[in-house]
Amino acid sequence: MTAVELVRAPNPGPLTGPGTNSYVIASSGEAIVLDPGPVIDEHISAIRVALTGLTPVGVIVTHTHPDHAPAANGLGIELDVPVLGFDRGPDFEPTGRLEDGSPIRVGDDELTALHTPGHTADHLCFRLGDAVFTGDHIIGGSTVIIEDAAAYMASLHKVAGLEPVHLYPGHGPELPEAQTVIAGYIAHRLERERQVLAALRSGAANIDAIVDVVYRGLDPALRT
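Residues numbered from 1 in each chain as written. Predicted model: local features only at pLDDT ≥ 70, side-chain atom pairs only at ≥ 80, totals over all residues. Heavy atoms only, no water.

### Considerations on the sheet that holds strand β11 (residues 166–169)
Then step 1. Taken together, the five strands give an open sheet; going across it, the order is β7-β8-β9-β10-β11, and neighbouring strands pair in mixed fashion. Edge strands, defined here as strands with exactly one partner in the open sheet, are β7 (103–106) and β11. Geometrically, the sheet is characterised by an average inter-axis angle of 25 degrees between neighbouring strands, direction not taken into account. (Pairing = 2+ DSSP bridges. Helix = DSSP H or I, 4+ residues; strand = E, 2+ residues; numbered from the N terminus. Axes fitted to C-alpha atoms, helices over the stretch in contact; angles between N-to-C directions.)

### Considering the nonpolar core
Then step 1. Residues V24, V33, I47, L51, V59 and L75 are the most contacted members of the largest nonpolar core, which totals 19 residues.
Then step 2. A per-element tally of this core places helix α2 (residues 71–79) first, with four residues.
Then step 3. In this structure V24 touches A3, V4, E5, V7, A31, I32, V33, I47, A50, L51 and L54, once residues within four positions along its chain are discounted. (Core = buried A, V, L, I, M, F, W, Y, C linked by side-chain atoms within 4.5 Å. Buried < 20%, exposed > 50% of the residue type's maximum accessible area, 1.4 Å probe, protein only. Contact = heavy atoms within 4.5 Å.)

### Describing the pattern of salt bridges
Then step 1. All chains considered together, the criterion is met by six salt bridges.
Then step 2. Across the pair E110 and R105 runs a salt bridge, and its minimum N-O distance is 3.7 Å. (Salt bridge = Lys/Arg side-chain N within 4 Å of Asp/Glu carboxyl O.)

### Some points on the pairing of strand β3 (residues 30–34)
Then step 1. Counting buried positions along β3 gives four out of five residues, so the element sits mostly inside the fold.
Then step 2. Pairing geometry for strand β2 (residues 21–27) and β3, over five bridges, is antiparallel. Residue A26 lies in a different strand from β3, and its bridge partner there is A31.
Then step 3. With five bridges connecting them, β3 and strand β4 (residues 55–60) associate as parallel partners.

### So, the side chain of T16
Then step 1. Mapping T16 onto the fold places it in the loop between β1 (2–8) and β2.
Then step 2. A relative accessible area of 11% places T16 in the buried class.
Then step 3. Here N11 takes part through its backbone oxygen, which lies 2.6 Å from a polar atom of the side chain of T16.
Then step 4. Non-local contacts of T16, meaning those with residues more than four positions away in its chain, are made with N11, D67 and H171. (Polar contact = N/O pair within 3.5 Å; in protein donor to acceptor, adjacent residues only side chain to side chain.)

### Brief notes about the packing of helix α3 (residues 149–161) against helix α4 (residues 178–201)
Then step 1. Between α3 and α4, the shortest axis-to-axis distance is 10 Å and the interhelical angle comes to 160 degrees. Classified by the interaxial angle, the pair formed by α3 and α4 is roughly antiparallel. Relative to α4, α3 is oriented so that their crossing is left-handed. Note on element contacts: α4 touches α3 through Q179, I182, Y185, I186, R189 and L190, opposite Y152, M153, L156, H157, V159 and A160.
Then step 2. A class-by-class count of the residues in the contact of α3 with α4 yields nine nonpolar, two polar and one charged. (Parallel < 35°, antiparallel > 145°, perpendicular 65-115°, else oblique. Left-handed = near helix turned anticlockwise from the far one by under 90°. Nonpolar A, V, L, I, M, F, W, Y, C, P; charged D, E, K, R; others polar.)

Remember that the coordinates give geometry; whether it matters functionally is a separate question.
Structural data, given as structure tokens:
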């Protein structure tokens, strides 16, 4: 039987919500750490506690943003396990590369890597049975910043096609109504597209002007 323990990093903020969600995924006495987060001693100690009584077999990351990946290499060295991700990034160097469909064994279970670009080009989700660990592809309590809208929409449809029941996001609460959440994300992005087109038709001439129209009241900390 698989057990999933959430270990939330103490890094709350406008871009991280209540903090980055790290997960310890355990099966038959083995465990994988997903998204160990930033290098914060208190957080790494909490991950060690969550691993008590388990044999760690790997550290995996959804993407290389600084709130998800920097602790991975140090933890991998400490635990003497491989560190896996789609590509290298700031403060992250995988010892093994994952591709779309790559399997990752833990005990009697297997996670499957899903390449889900859009938030970032290197983003991965991980499927485990009827659940998906979504990183920053889908988060709890908010929508996400994206780099490539077309790729992001295709990735949303890709995850929806798996018909998951439960989502474990990179920020915010767990999401048990997976299909409803994904459908809401797709509808939201389509509505934003309509709003951007309407802003352009009304004379918005640059990105700042579009943001002023479409995202009225946006926290200045979220303008990048």
